[in-house]
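For reference, the chains in residue letters:
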Amino acid sequence: MQTGSELNLFLLGAILKNPAVRLSQLHAWRHETELRGLQPRLDAYWAVDSNRPDGTDAERENYYRQVVVPHEDAFLADFPQGVPERTAWEVILREENWRSVLRNWRHDGQQIFEFAPDLLAMLADTDVDELPIQNLRMPYDTFYVALAPGHFLPDYNRDWVIDGFYVTAEICLVDSLRMKPRPPNELIAEQRKQWADLERIPGALESLRKDDSESFASFDSYIAKLLAENRAAQQLYDRYLLDPDAVMDEIAEKVDIRGSGEWCSYLMFTVDFTFRRRNHTPASLSLTDLLGQPTLRAHYDFVSHRNTVGDGIERGRRSAIPMDTFREEDGHSDDLRNVISDPTVLKEVTRLVFNLVCYLNYPERAQEKRLNDPRVHEKVGRAKGKARKMAEARARQDGCRWINFCGYRTSFEKRKTLGGTAVGHWRRGHWRNQRFGKALAESRLLWIRPTMVGADKNIIDSRPTLYGTS
């Protein structure tokens, strides 16, 4: 017969072996429920605002006053009396931002990562400020990291808790440099078809010629410009293969030179945290509820592959693209609010985000793709051949999704004590780039994990052991 402690260990083992996620609680699904009452109003406004004509300035202004303004006024009138117009617009613009983030996330495959609590605890004791970002790659252009509600910054807000964040990668220079340019004959054939399509659309070419009369004067002038750009791209690609560091250094030097025609950071991404109401099940929210919902966003920009995390923060401070408002024209001069909407939590946010991104680039990471429902996952896993494909399709039809579980094959021994007092102390972990390969020409991320020091090994051994997930 099992004792109570043995049963708890058994249940813990079952959870770690078969982690589960309730999709209805995750932001993408929960947000649909939360906006159920407001979605028609938002959709109506977005529809008329996005259909502004491409005509003259006078025509566009007339459309705005006659069509868009009535929708804006009606929407603003729905807010509680006394709410400043600027505050109301922040709520509307925030929902427009969520619309864009979710559209990108769905386009990129609805990728979700879930990290084991013990792994998160170890990463929380790992420093990132001096981390060189050379080996960082985003696993997807847009992905979501699910966090246990209240695990991160539990006291950030009285009524709302953080339950995850989206990462949207705007630029990754290495990805673009590694893309081989198209063969000229393929480019010509593709563009000839697109040109023919434009000729069949009334006014399409005339509209393009307003902005660039020389390039769009004829197909010959149009394709000549594209072929010249393609030749330049091929030359850059060939040089990158021979000496990637030199090419990336050259591009980095031109980024801030006015008039150089270059504006391409090495890596740039935005983080949007999601909040759910504390101790509430998902439900439709009112405008009053949305007014009280916090916003936490961060933006990181790295010009060079030689930058550290700290370098990116200093650059962002001077960027004048604000994170504490969705009005980009309201930037700040030399202010951390250009990096994060709330500078008081910059250290915690940066450590969490970069440690998780580092872990997703870590060659020895413990990552496993599973369906969110353990019982369905086991059923699909038992199927073979065509039956497996049918089982996977049926699971998706029934609402299941694939989740990337990280660190659930990681075991940690608890810190032991001597006479009721913890012995030794933690030495913080860090990341570094490790050279390897012929002439040490390649590099990869190495995690120097937090370790316990200053204790007799017979008394304590808190080092983690990582197990593979092949």
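What counts, and where the lines are drawn
Residues numbered from 1 in each chain as written. Predicted model: local features only at pLDDT ≥ 70, side-chain atom pairs only at ≥ 80, totals over all residues. Heavy atoms only, no water. Helix = DSSP H or I, 4+ residues; strand = E, 2+ residues; numbered from the N terminus. Buried < 20%, exposed > 50% of the residue type's maximum accessible area, 1.4 Å probe, protein only. Contact = heavy atoms within 4.5 Å. Areas by Shrake-Rupley, 256 points an atom, 1.4 Å probe, with all protein chains shown as cover. Axes fitted to C-alpha atoms, helices over the stretch in contact; angles between N-to-C directions. Left-handed = near helix turned anticlockwise from the far one by under 90°. Pairing = 2+ DSSP bridges. Expected span 1.5 Å × (residues − 1). Arc of directions from axis to C-beta. Polar contact = N/O pair within 3.5 Å; in protein donor to acceptor, adjacent residues only side chain to side chain. Core = buried A, V, L, I, M, F, W, Y, C linked by side-chain atoms within 4.5 Å. Phe/Tyr/Trp six-rings, centres within 6.5 Å; stacked < 30°, edge-to-face > 60°.

### A look at the overall build of the chain
From N to C terminus, the chain includes 16 helices and 16 strands. For the chain, with 470 residues in total, the buried portion stands at 41%. Contacts in the chain between residues far apart in sequence, at least 24 positions, make up 74% of those at least 6 positions apart. Within the structure as shown, the chain displays about 26100 Å² of accessible surface, and the carbon and sulfur contribution to it stands at 50%.

### Here we look at the packing of helix 8 (residues 184-200) against helix 10 (residues 219-242)
Across the interface, helix 8 lies against helix 10 with an axial gap of 11 Å and an inter-helix angle of 145 degrees. As helix 8 packs across helix 10, the resulting crossing turns out to be right-handed. Between helix 8 and helix 10, the contacting residues are Pro 184, Leu 187, Ile 188, Gln 191, Arg 192 and Trp 195 on the first element and Phe 219, Tyr 222, Ile 223, Leu 226, Leu 227 and Asn 230 on the second.

### Thoughts on the sheet that holds strand 6 (residues 297-302)
Strand order in the open sheet made by the seven strands is 6-5-4-3-1-8-7, with mixed pairing throughout. This sheet does not close on itself; its edge strands, each paired only once, are strand 6 and strand 7 (367-371). With strand direction ignored, the average angle separating the axes of adjacent strands in the sheet is 25 degrees. Bridge count between strand 1 (residues 112-115) and strand 8 (residues 402-406): three bridges; the pairing is parallel. For Phe 115, the partnering residue across the bridge sits in strand 8 and is Cys 406. On the sheet, helix 15 (residues 374-382) packs against strand 7 and strand 8 and is oriented at approximately 95 degrees with respect to strand 7.

### Quick word on helix 5 (residues 85-107)
Its 23 residues give helix 5 an end-to-end C-alpha distance of 33 Å, which sits within 8% of 33 Å, the value for a rise of 1.5 Å per residue. Taken as a whole, helix 5 has its buried residues at Ala 88, Trp 89, Glu 90, Val 91, Ile 92, Arg 94, Glu 95, Asn 97, Trp 98, Val 101, Leu 102 and Trp 105. Directly after helix 5, the chain includes Gly 109, whose backbone phi takes a positive value near 100 degrees.

### Focus: helix 2 (residues 27-34)
Taken together, the buried positions of helix 2 are occupied by His 27, Ala 28, Arg 30, His 31 and Glu 34. Angular distribution of buried residues about the axis of helix 2 spans 165 degrees; they occupy a single face of the element.

### Here we look at the side chain of Gln 191
Within the fold, Gln 191 resides in helix 8. Once residues within four sequence positions are removed from consideration, Gln 191 is found in contact with Phe 219, Tyr 222, Ile 223 and Leu 226.

### Regarding the environment of Arg 365
Position of Arg 365 relative to the elements: it lies in the loop between helix 14 (346-361) and strand 7. A residue is classified by how much of its surface remains accessible, and Arg 365, at 32% relative accessible area, is partly exposed. Sequence separation between Arg 365 and Trp 447 is 82 residues; the distance between their C-alpha atoms is 9.8 Å. Sequence-distant contacts of Arg 365, that is, excluding residues within four places in its chain, are made with Tyr 359 and Leu 360. A polar side-chain atom of Arg 365 sits 3.4 Å from the main-chain carbonyl oxygen of Leu 360. Among the polar contacts made by the side chain of Arg 365, one reaches the main-chain carbonyl oxygen of Tyr 362 at a distance of 3.0 Å.

### Some details on the nonpolar core
Phe 269, Phe 273 and Tyr 300 are the most contacted members of the largest nonpolar core, which has 94 residues in total. Ranked by the residues each element gives to this core, the list is headed by helix 14, at 10 residues. In terms of nonpolar packing, the next biggest core, distinct from the first, is built from eight residues, Phe 216, Tyr 222, Ile 223 and Leu 227 among them.

### Quick notes on the packing of aromatic side chains
Using the criterion set out here, one finds 26 aromatic pairs in the structure. Seen from their ring centres, Tyr 144 and Tyr 166 are 4.5 Å apart, and the 45 degrees between their planes marks the pair as tilted. Of the two residues, Tyr 144 is situated in strand 3 (residues 142-146) and Tyr 166 in strand 4 (residues 160-172); the sequence distance between them amounts to 22 residues. Residues Tyr 144 and Tyr 166 agree in their burial class; the two are buried. With a centroid separation of 5.2 Å and an interplanar angle of 50 degrees, the aromatic rings of Phe 165 and Phe 273 are classed as tilted. One end of the pair, Phe 165, is in strand 4; the other, Phe 273, is in strand 5 (residues 267-277), with 108 residues separating them in the sequence. Look at Phe 273 and you get buried, because its relative accessible area is 2%. One aromatic cluster in this structure is built from Trp 29, Trp 98, Trp 105, Tyr 144 and Tyr 166.

Remember that the coordinates give geometry; whether it matters functionally is a separate question.
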